[in-house]
Amino acid sequence: KNQVEQSPQSLIILEGKNCTLQCNYTVSPFSNLRWYKQDTGRGPVSLTIMTFSENTKSNGRYTATLDADTKQSSLHITASQLSDSASYICVVSSGGYNKLIFGAGTRLAVHP
Amino acid sequence: GAGVSQSPRYKVAKRGQDVALRCDPISGHVSLFWYQQALGQGPEFLTYFQNEAQLDKSGLPSDRFFAERPEGSVSTLKIQRTQQEDSAVYLCASSSVGDRQPLTKNYEQYFGPGTRLTVT
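What you see is a predicted model, and the numbers here were worked out from it, not measured in a lab.

**Concerning the sheet that holds strand E6 (residues 56–59) of chain A**
Residues and elements named next belong to chain A.
Alright, step 1. With respect to topology, five strands assemble into an open sheet ordered E1-E3-E8-E7-E6, the strand pairing being antiparallel. At either end of the open sheet lies a strand with only one pairing partner, and these are strand E1 (3–7) and E6. With direction set aside, neighbouring strand axes in the sheet form an average angle of 15°.
Alright, step 2. As defined by bridge partners, E1 adjoins strand E3 (residues 19–26) across five bridges and the pair is classed as antiparallel.

**Topic: the confidence of the model for chain A**
Alright, step 1. Per-residue pLDDT for chain A averages 93, and the proportion of residues at 70 or more is 97%.
Alright, step 2. When the elements of chain A are averaged for pLDDT, strand E10 (residues 99–102) of chain A gives the smallest value, 87, and strand E8 (residues 72–77) of chain A the largest, 98.

**Topic: the state of the cysteines**
Cysteine pairs can be linked by a disulfide, which is a covalent bond between their two sulfur atoms.
Alright, step 1. All told, the structure shown has two disulfides over all chains when counted by the stated rule.
Alright, step 2. Through a disulfide, Cys23(B) is tied to Cys92(B); the S-S separation comes to 1.8 Å. In this structure the cystine formed by Cys23(B) and Cys92(B) twists about its S-S bond by roughly -65°; its chirality is therefore left-handed. Of the two residues, Cys23(B) sits in strand E3 (residues 19–24) while Cys92(B) sits in strand E9 (residues 88–95), which places them 69 residues apart along the sequence. There is no split in this pair, since Cys23(B) and Cys92(B) are both buried.
Alright, step 3. With no disulfide of its own, Cys19(A) lies 15 Å from the sulfur of Cys90(A), the closest cysteine sulfur.

**Quick notes on the pattern of salt bridges**
Alright, step 1. Applying the stated rule across the entire model yields five salt bridges over all chains.
Alright, step 2. Between Lys57(A) and Glu54(A) there is a salt bridge; the shortest N-O distance is 3.0 Å.
Alright, step 3. Asp24(B) is the partner of Arg22(B) in a salt bridge, and the nearest nitrogen-oxygen pair spans 2.7 Å.
Alright, step 4. Residue Arg22(B) is classed as partly exposed on the basis of its relative accessible area, which comes to 38%.
Alright, step 5. For Asp24(B), a relative accessible area of 23% gives the class partly exposed.

**Details of the sheet that holds strand E8 (residues 75–79) of chain B**
Residue and element names in this part refer to chain B.
Alright, step 1. Across the sheet, which stays open at both edges, the four strands sit in the order E1-E3-E8-E7 with antiparallel pairing between neighbours. The strands lining the two open edges of the sheet, one partner per strand, are strand E1 (5–7) and strand E7 (65–68). Pairwise comparison of adjacent strand axes, ignoring direction, gives a mean angle of 15° for this sheet.
Alright, step 2. Pairing geometry for E1 and E3, over three bridges, is antiparallel. Following the sheet pairing, glutamine 6 is matched in E3 by cysteine 23.

**A few points about the packing of aromatic side chains**
Alright, step 1. Throughout the structure, instances matching the rule amount to 11 aromatic pairs over all chains.
Alright, step 2. Considering the side-chain rings of Phe33(B) and Tyr48(B), the 4.8 Å spacing of their centres and the 35° angle between planes classify their relative orientation as tilted. Of this pair, Phe33(B) sits in strand E4 (residues 31–37) while Tyr48(B) sits in strand E5 (residues 44–50), and the two are 15 residues apart along the sequence.
Alright, step 3. Among the aromatic residues, those joined into a cluster by ring pairs are Tyr36(A), Phe102(A), Phe33(B), Tyr35(B), Phe45(B), Tyr48(B) and Phe111(B).
Alright, step 4. Here the basic side chain of Arg61(A) rests over the ring of Tyr62(A), its NZ or CZ set 5.7 Å away from the ring centre.

**Here's the deal with the pairing of strand E5 (residues 45–50) of chain A**
Residue and element names in this part refer to chain A.
Alright, step 1. Burial analysis of E5 places five of its six residues in the buried class, which makes it a mostly covered element.
Alright, step 2. The sheet contact formed by strand E4 (residues 32–38) and E5 spans five bridges and is antiparallel. Following the sheet pairing, tyrosine 36 is matched in E5 by serine 46.
Alright, step 3. Hairpin connection, E4 to E5: the antiparallel pair is bridged by six residues, and glycine 41 has positive phi, about 75°.

Definitions and limits used
Residues numbered from 1 in each chain as written. Chains lettered and ligands numbered in written order. Predicted model: local features only at pLDDT ≥ 70, side-chain atom pairs only at ≥ 80, totals over all residues. Heavy atoms only, no water. Pairing = 2+ DSSP bridges. Helix = DSSP H or I, 4+ residues; strand = E, 2+ residues; numbered from the N terminus. Axes fitted to C-alpha atoms, helices over the stretch in contact; angles between N-to-C directions. pLDDT = per-residue confidence, 0-100. Disulfide = S-S within 2.5 Å. Buried < 20%, exposed > 50% of the residue type's maximum accessible area, 1.4 Å probe, protein only. Salt bridge = Lys/Arg side-chain N within 4 Å of Asp/Glu carboxyl O. Phe/Tyr/Trp six-rings, centres within 6.5 Å; stacked < 30°, edge-to-face > 60°. Lys NZ or Arg CZ within 6 Å of the ring centre and 35° of its normal.

What follows is the structure, encoded as structure tokens:
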């Protein structure tokens, strides 16, 4: 069964600190892996998209890594800001029309 | 605006009522997806349209769920005889590419804000 698992389930950090979120997946066929940010009451917004041949991709203070051999990905957030408080969802795309398979998300709270 | 819009944003239905949720995708987008997001969970795939054709409805949880996109733009997700377990946020997403794209081609799915359905 296609699955995407994320850890930790929730995380609290102080403003300005860094953090790393983890994602493991068992999805076939694999098209690409995405990280989304979802603010409360809003739809998910894409942060990064990586194919199997890409090891790392950055978007501002967000850096995603992908190890296609071990089927693991991480999202590193640098110098966190209060506005980073949200759910971060790891998503694996599968198939010809890029059907998205979502993890349950990591709920991040950044405190002043 | 140019984004995906959904209406209503909130819907409260009594158990057994029928509901209809609307999605207006980004103009010209070929693909349209519906997802169901339970509280504290990630979204789960319900169904996929390429233009007006429903190519995948494998995620629809029961025959009470029906989706259509008759003219290849606006889509409606209908839920008949709603049950409490139908309470969730229903997300719609659209993208500019369709089926038979190279698997390595990356493209965005743009999400709407969702409709929060509460069945009492």
